[in-house]
Amino acid sequence: MGIVDDTKNANEVNITLELMDDLSNNISFYNGSIVPWSFESVFNISVCSQWGPVNHMFFQLANTFFFLSYLAPNGMYGILYLRCTLLIGCAFFAWWGWAILCSFDAFIWNANFVAINFIHVCVLLYHLRPIKFSKEIEEVYQALFRPLKVSRHQFKKVLDCMKMIRQLKYQEVYAQEKVTKVDSLSLVLSGKLVVSQNSRALHIVFPHQFLDSPEWFGVSTDEFFQVSITAMEDSRVLLWHRDKLKLTIITDQFLQAVFDHILGRDVVKKLMQVSETMSHNGLVPNNCDMEHCDDKPMLIVKRSGDGPGITALINRQIQGNFYTIIFSHCQCYP
């Protein structure tokens, strides 16, 4: 009997110890009292014993657009796509909170998100709006800036520094040597102008070429032109505020590099023309005498003090045009 009772007591003790171990793993002490521990009591979250029905279609559509927003690409159009998908997703969530969930706070939060994304979409659409130029400006953009990957918005930023478009009549002086200040950057839109120094022609400036590209590098606005510039025919010149333009492009390294490239290339062309002109300065072509060339008033600039250099240069220009016309007639009448 004693052995059986001892064995029974030992089993009861073991069971009691196991129960105490289990209890110690599921209780915590708070203010000296023992409190049972559970996941639900700590986080105040009940574990779902059974899944509820699928949410309304508005909820599904909202999350579908949120999913699509994560697929937005880079760039301005990618940001616009992101904002549009967020706007639509928040709109469905606001509708779901108002009509289905009947939760006023869910509706208010998502309505605010819709308003914020709508403002962002409007701003992005304004920046991405199509920009159109006049015919003359469009030709300049296509010829000089578009090949260098300058966007229309960047070119519009440059055009905001424009001073005016100046109309020059035949024989009108644009700049006078050691009198006119270098305070603009000038681009010929149409017509032709001759550049001279000490009454001798240096070169002719044609459309989409700059009148003062050499002065762009290392010459301040307080200095004067070292050459004279005269219109050979009715011309139109685009003028930029020189200092304003420099302050604008100095904050954009890409635009600064573009202008340095375009103007540097223009200077090289002028140097080549000047070199050619100096080698023929004062010489009149044999088949174009002075009396005959005086019959071309739209191409010859007559000013007091002009030496033979300007006349020779212009005569060579006339000769080139004459040969071009003759060659075209020969092609038409074999």
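Criteria and cut-off values
- Residues numbered from 1 in each chain as written.
- Predicted model: local features only at pLDDT ≥ 70, side-chain atom pairs only at ≥ 80, totals over all residues.
- Heavy atoms only, no water.
- Buried < 20%, exposed > 50% of the residue type's maximum accessible area, 1.4 Å probe, protein only.
- Helix = DSSP H or I, 4+ residues; strand = E, 2+ residues; numbered from the N terminus.
- Pairing = 2+ DSSP bridges.
- Patch = residues over 30% accessible without salt bridge, like charges linked within 9 Å, V, L, I, M, F, W, Y side chains within 5 Å.
- Areas by Shrake-Rupley, 256 points an atom, 1.4 Å probe, with all protein chains shown as cover.
- Salt bridge = Lys/Arg side-chain N within 4 Å of Asp/Glu carboxyl O.
- Lys, Arg positive; Asp, Glu negative; His and termini not counted.
- Charge placed at Lys NZ, Arg CZ, Asp CG, Glu CD.
- Arc of directions from axis to C-beta.
- Axes fitted to C-alpha atoms, helices over the stretch in contact; angles between N-to-C directions.
- UniProt positions renumbered as here; feature names shortened; annotations may be inferred.
- Phe/Tyr/Trp six-rings, centres within 6.5 Å; stacked < 30°, edge-to-face > 60°.
- Lys NZ or Arg CZ within 6 Å of the ring centre and 35° of its normal.

Q: Quick question: what am I supposed to make of the pairing of strand S6 (residues 193-197) here?
A: Regular strands place their side chains on alternate faces of the sheet. Among the five residues of S6, four are classified as buried, and the element is accordingly described as predominantly covered. Sheet topology places S6 next to strand S7 (residues 200-205); five bridges connect them, and they run antiparallel. Bridge pairing links Val-194 to Ile-204 in S7. The turn joining S6 and S7, which pair antiparallel and follow one another in sequence, is formed by two residues; a positive phi near 55 degrees is taken by Asn-198. Direction of pairing for S6 relative to strand S8 (residues 228-231): antiparallel, over a ladder of four bridges. Bridge pairing links Leu-193 to Ala-231 in S8.

Q: Just checking my understanding: could you explain a negative patch on the surface for this structure?
A: The grouping of Asp-183, Asp-222, Glu-223 and Asp-243 at the surface amounts to a negative patch. Turning to its location among the elements, Glu-223 is positioned in the loop between helix H8 (213-216) and S8. Overall, Glu-223 belongs to the partly exposed group, its relative accessible area being 38%.

Q: When you look at the environment of Val-274 in this model, what are you seeing that I'm missing?
A: Note on placement: Val-274 falls in helix H10 (residues 253-280). As for Val-274 and Ala-201, which are separated by 73 residues in sequence, their C-alpha atoms are 8.6 Å apart.

Q: Before we go on, may I ask you to explain helix H7 (residues 152-159) in this structure?
A: Think of an α-helix as 3.6 residues a turn; residues three or four steps apart then line up on the same face. Among all positions in H7, only Phe-155, Val-158 and Leu-159 are buried. Summarising the axial view, the buried residues of H7 lie within an arc of 100 degrees, below the 170-degree limit, and thus occupy one face.

Q: Would you take a moment to explain the sheet that holds strand S5 (residues 184-190) for this structure?
A: Across a sheet, strands are paired by hydrogen bonds formed along the backbone, either parallel or antiparallel in direction. Read from one edge to the other, the open sheet built from three strands follows the order S3-S9-S5, with strand pairing classed as antiparallel. Each edge of the open sheet is held by one strand with a lone partner, namely strand S3 (162-168) and S5. When strand polarity is set aside, the average angle formed by the axes of neighbouring strands in this sheet is 25 degrees. Sheet topology note: the S3/strand S9 (residues 235-241) ladder contains six bridges and is antiparallel.

Q: Where do I start with the pattern of salt bridges in this structure?
A: Where charged atoms from two side chains of opposite charge approach closely, those side chains can pair. Scanning the model with the defined rule gives five salt bridges in all. As a salt-bridge pair, Asp-160 and Lys-156 come within 2.9 Å of each other at their nearest N and O atoms. Residues Asp-266 and Lys-270 are paired through a salt bridge, measuring 2.3 Å at the closest nitrogen-oxygen approach. With Asp-266 and Lys-270 both in helix H10 and four residues apart, this pair spans about one turn of that helix.

Q: Got a minute to help me understand the UniProt feature "transmembrane region" (unreviewed entry) in the chain in this structure?
A: Mapped onto the present numbering, the UniProt feature "transmembrane region" (unreviewed entry) falls at residues 80-101 and 107-128. The span residues 107-128 carries 95% helix and 0% strand; its end-to-end C-alpha distance comes to 31 Å.

Q: Can you walk me through the packing of aromatic side chains in this structure?
A: Geometrically, a pair of aromatic rings is defined through the distance of the ring centres and the angle of the planes. According to the stated counting rule, one finds 18 aromatic pairs in the structure shown. Aromatic side chains Phe-59 and Phe-93 sit 5.5 Å apart centroid to centroid with 70 degrees between the ring planes, which places their arrangement in the edge-to-face category. Of this pair, Phe-59 sits in helix H3 (residues 57-69) while Phe-93 sits in helix H4 (residues 76-100); the two residues are 34 residues apart in sequence, bridging distant segments of the chain. Phe-93 sits in the buried class, given a relative accessible area of 14%. A centroid spacing of 5.9 Å and a plane angle of 50 degrees characterise the contact between Phe-133 and Tyr-141, whose relative ring orientation is tilted. Assigned by exposure class, Phe-133 and Tyr-141 land together as buried. Members of the aromatic cluster, connected to one another through ring pairs, are Phe-133, Tyr-141, Phe-145, Phe-155, Phe-210, Trp-216, Trp-240 and Phe-259. One cation-aromatic arrangement involves Arg-129 over Tyr-126; the distance from NZ or CZ to the ring centre is 4.2 Å. In this structure, Lys-246 is placed above the aromatic ring of Trp-216, and the distance from its NZ or CZ to the ring centre is 4.8 Å.

Q: It is not clear to me how the sheet that holds S6 should be interpreted in this structure. Could you clarify?
A: Taken in spatial order, the four strands line up as S4-S8-S6-S7 in an open sheet, and their pairing is antiparallel. Of all strands in the sheet, those bounded by a partner on one side alone are strand S4 (173-175) and S7. The mean inter-strand angle of the sheet, taken between neighbouring strand axes irrespective of direction, is 30 degrees. Where S4 lies against S8, two bridges are found, and the strand directions are antiparallel. Across the sheet, residue Ala-175 finds its bridge partner in S8, namely Ile-229.

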